[in-house]
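Below are the chains, spelled out letter by letter.
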Amino acid sequence: YYYTGQCEKARNFFSSFLKESSLSAEAKASSIRGLGWSNLMLKNYNEAERYFSTLVKEDSSDNDAILGMGYVSYNKNNFTEAVKHLKKAVKAFPTDVNAEIAFGWSYYKMKDYANSLVEFRRAVQLNPYLAEPHRGIGFSLINIGRIDEGRASIAEAMYRYPDSVDNDEFAALIRDRKELA
C-alpha cells in the first residue's frame, strides 16, 4: 500500500497482520518494517523510530531499518544521528539517490559544506536529472565561498525543476556570503 501512497491502509494492514499469533520471525520483522516505513511516510516520526529501533536491536546489520533510522533522524532535525545512520545506509544501498540527498542535506545542516558537497555530487552521479542534488551543490559551494560555481549549480537545479529553488532564500544566501567577503 505505501508504494501507492496509501500509507494509512498500509499501517492498518501491518498492524493487523502483526497481531496474528502464528507469524514466523521473518513475517513479524517484515510487518514491523512495514509499520516503520508507513509511519515515516505519515510523518509519525516517533512511531517510525520505535519500529526501526526494534529491528536494529534485533539485528544491528538490518540495513533497511538503518536507512529508516537515517530518514527519521533527518526529519527530526537530528542531523548528527542522521549522518551516522545514512553513512551506513549508503554503503549498503549505493544506488539510493534519495539516501545520498538526505545524507548531503544532513551534512549541510551541520554546516559541514565540504562533506555535503561530496554527497550531493554522488547523488548527481546516480541521477543527474534530479534538481535537488544540484541545488545542494550550489548552496554548499556558495557557503564555501565559490559563489559563481554555486550560482551555476543553482541555475542547473532551476533548469531541471524551476520551483526547486526559493528565490528569496537564494538571494539571502548570496547577500550573506558577499557581506562576509
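Remember, it's a predicted structure, so these values are computed and weren't measured experimentally.

Student: It is not clear to me how the layout of surface pockets should be interpreted in this structure. Could you clarify?
Tutor: The space that makes up the largest pocket amounts to roughly 160 Å³. What lines the largest pocket is simply Trp37, Leu40, Lys43, Tyr45, Leu67, Tyr71, Asn75, Asp96 and Asn98. At the level of elements, helix H2 (25-41) and helix H4 (63-75) are the ones that each hand at least two residues to the lining of the largest pocket. Grouping the constituent residues of the lining of the largest pocket by class yields 5 nonpolar, 2 polar and 2 charged.

Student: Where do I start with the nonpolar core in this structure?
Tutor: Burial of nonpolar side chains together is a common tendency in soluble globular proteins. With 25 residues, the main nonpolar core has Leu40, Phe52, Leu67, Tyr71 and Leu86 as its most contacted residues. At the level of secondary structure, the elements contributing two or more residues to this core comprise helix H1 (7-18), H2, helix H3 (45-58), H4, helix H5 (79-92) and helix H6 (97-109). Apart from residues no more than four positions distant in its own chain, Phe52 is found in contact with Arg33, Gly36, Trp37, Ala65, Gly68, Met69 and Val72. Core analysis: the second largest hydrophobic core is formed by 20 residues, Val97, Tyr108, Ala123 and Ala157 among them.

Student: Quick question: what am I supposed to make of the packing of H4 against H6 here?
Tutor: Between two packed helices, what matters for the description is the angle formed by their axes and the separation of those axes. For the pair H4 and H6, interaxial distance at closest approach is 11 Å and the crossing angle is 40°. Taken together, the axis directions place H4 and H6 in an arrangement best described as oblique. With respect to the hand of their crossing, H4 and H6 are arranged in left-handed fashion. Contacts from Leu67, Tyr71 and Tyr74 of H4 reach H6 at Asn98, Ala99, Ala102, Trp105 and Ser106. The class makeup of the residues in the contact of H4 with H6 is 6 nonpolar, 2 polar and no charged.

Cut-off values and rules
Throughout, a residue's number is its position along its own chain's written sequence, starting from 1. Owing to the predicted nature of the model, reporting of local features is limited to residues with pLDDT of at least 70; listing and counting of side-chain atom pairs is limited to 80 or more, with chain, interface and lining totals taken over all residues. The basis for every side-chain value is the complete set of heavy atoms in the structure, and neither hydrogens nor water enter the calculation. Here a cavity means grid points, on a 1 Å grid over the protein atoms only, where a 1.4 Å probe fits yet cannot get out; a pocket means an open set of points with protein on both sides within 12 Å along at least five of seven lines; lining residues are those with an atom within 4 Å of a point. Grid points are joined across faces, edges and corners, and a volume is the space filled by probe spheres set on the points. The numbering of helices and of strands both runs from the N terminus, where a helix is a DSSP run of H or I of at least 4 residues and a strand a run of E of at least 2. Ten residue types, Ala, Val, Leu, Ile, Met, Phe, Trp, Tyr, Cys and Pro, are classed as nonpolar, four, Asp, Glu, Lys and Arg, as charged, and the remainder, Gly among them, as polar. Only buried residues count toward a nonpolar core. Its members are Ala, Val, Leu, Ile, Met, Phe, Trp, Tyr and Cys residues joined through side-chain atoms within 4.5 Å. When a residue's accessible area, from a 1.4 Å probe over protein chains only, is under 20% of the maximum for its type it is buried; when over 50% it is exposed; and in between it is partly exposed. Any pair of residues with heavy atoms lying within 4.5 Å of one another is described as a contacting pair. Lines fitted to C-alpha atoms define the axes here, with helix axes fitted over just the stretch in contact, and angles between the N-to-C directions of these axes take values from 0 to 180 degrees. Should an angle fall under 35 degrees it is taken as roughly parallel, and over 145 as roughly antiparallel, whereas 65 to 115 is taken as roughly perpendicular and any remaining angle as oblique. By definition, turning the near helix anticlockwise from the far helix through less than a right angle yields a left-handed crossing, and turning it clockwise yields a right-handed one.

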